Amino acid sequence: AGCAGVYTLKAAKKMNKSVEGIEIHCKSIVKPENPSIPAKWITEITFPNTWSEEEKSQILTAVKTCAVKELIQKGQQIDFVTQESHSEMTQNTTP
């Protein structure tokens, strides 16, 4: 929902529209054989009655361009690294 919110906000700003009253809900449909892997992701956006069909369409189009969605769909190769942080505080500590 975070990604959808960011893209909604950016598109609304381009139209000089407030995002007040917009609601975004996401639902993950998982694979039965592996419930930790989503098979489908549904993003539903509710707009205030004052929004025109064209304005709604612009927001929906913007949300569809989410970089995270594109990354997942296209399966880009990313190396994920988990490591301990070595900040200045821990490096400069003497026993």
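Residues numbered from 1 in each chain as written. Predicted model: local features only at pLDDT ≥ 70, side-chain atom pairs only at ≥ 80, totals over all residues. Heavy atoms only, no water.

Using the criterion set out here, one finds one aromatic pair in the structure. Seen from their ring centres, phenylalanine 47 and tryptophan 51 are 5.5 Å apart, and the 40° between their planes marks the pair as tilted. The pair formed by phenylalanine 47 and tryptophan 51 is uniform in burial state, with each residue classed as buried. One cation-aromatic arrangement involves lysine 10 over tyrosine 7; the distance from NZ or CZ to the ring centre is 5.5 Å. We note lysine 17 situated over the ring of tryptophan 51; from NZ or CZ to the ring centre the distance is 4.7 Å. (Phe/Tyr/Trp six-rings, centres within 6.5 Å; stacked < 30°, edge-to-face > 60°. Buried < 20%, exposed > 50% of the residue type's maximum accessible area, 1.4 Å probe, protein only. Lys NZ or Arg CZ within 6 Å of the ring centre and 35° of its normal.)

Let us look at the pattern of salt bridges. Under the defined criterion, the tally for this structure stands at two salt bridges. Among the ionic pairs, lysine 17 bridges to glutamate 55, the shortest N-O distance being 3.4 Å. Placement of lysine 17 in the loop between α1 (2-14) and β1 (23-31) and of glutamate 55 in helix α2 (residues 53-64) is noted, with a sequence separation of 38 residues between them. Using a relative accessible area of 23% as the deciding quantity, one classes lysine 17 as partly exposed. The partner of glutamate 53 in a salt bridge is lysine 56, and the shortest N-O contact between them spans 3.3 Å. Residue glutamate 53 and its partner lysine 56 are located together in helix α2, separated by three residues, close to a single helical turn. (Salt bridge = Lys/Arg side-chain N within 4 Å of Asp/Glu carboxyl O. Helix = DSSP H or I, 4+ residues; strand = E, 2+ residues; numbered from the N terminus.)

As for its position among the elements, isoleucine 24 is in strand β1. On the basis of relative accessible area, isoleucine 24 is assigned to the partly exposed category, the value being 23%. Between the C-alpha atom of isoleucine 24 and that of glycine 2, which follows or precedes it by 22 residues, the distance is 9.1 Å. The contacts of isoleucine 24, once residues within four sequence positions are left out, are Ala4, Gly5, Thr8, Thr43, Glu44 and Ile45. (Contact = heavy atoms within 4.5 Å.)

The subject of this paragraph is α1. Over its 13 residues, α1 extends 19 Å from the first C-alpha to the last, a length consistent with the 18 Å expected when each residue adds 1.5 Å. Ala4, Tyr7, Thr8, Ala11 and Ala12 are the residues of α1 that are buried. The arc that holds the buried residues of α1, viewed along the axis, is 135°, so those residues lie on one side. Residues Gly2 and Lys13 are exposed on α1 and point more than 90 degrees away from its buried face. Buried positions along α1 lie against β1, β2 (34-46), α2 and α3 (67-74). Positive backbone phi, at 55°, marks asparagine 16, one or two positions downstream of α1. (Expected span 1.5 Å × (residues − 1). Arc of directions from axis to C-beta.)

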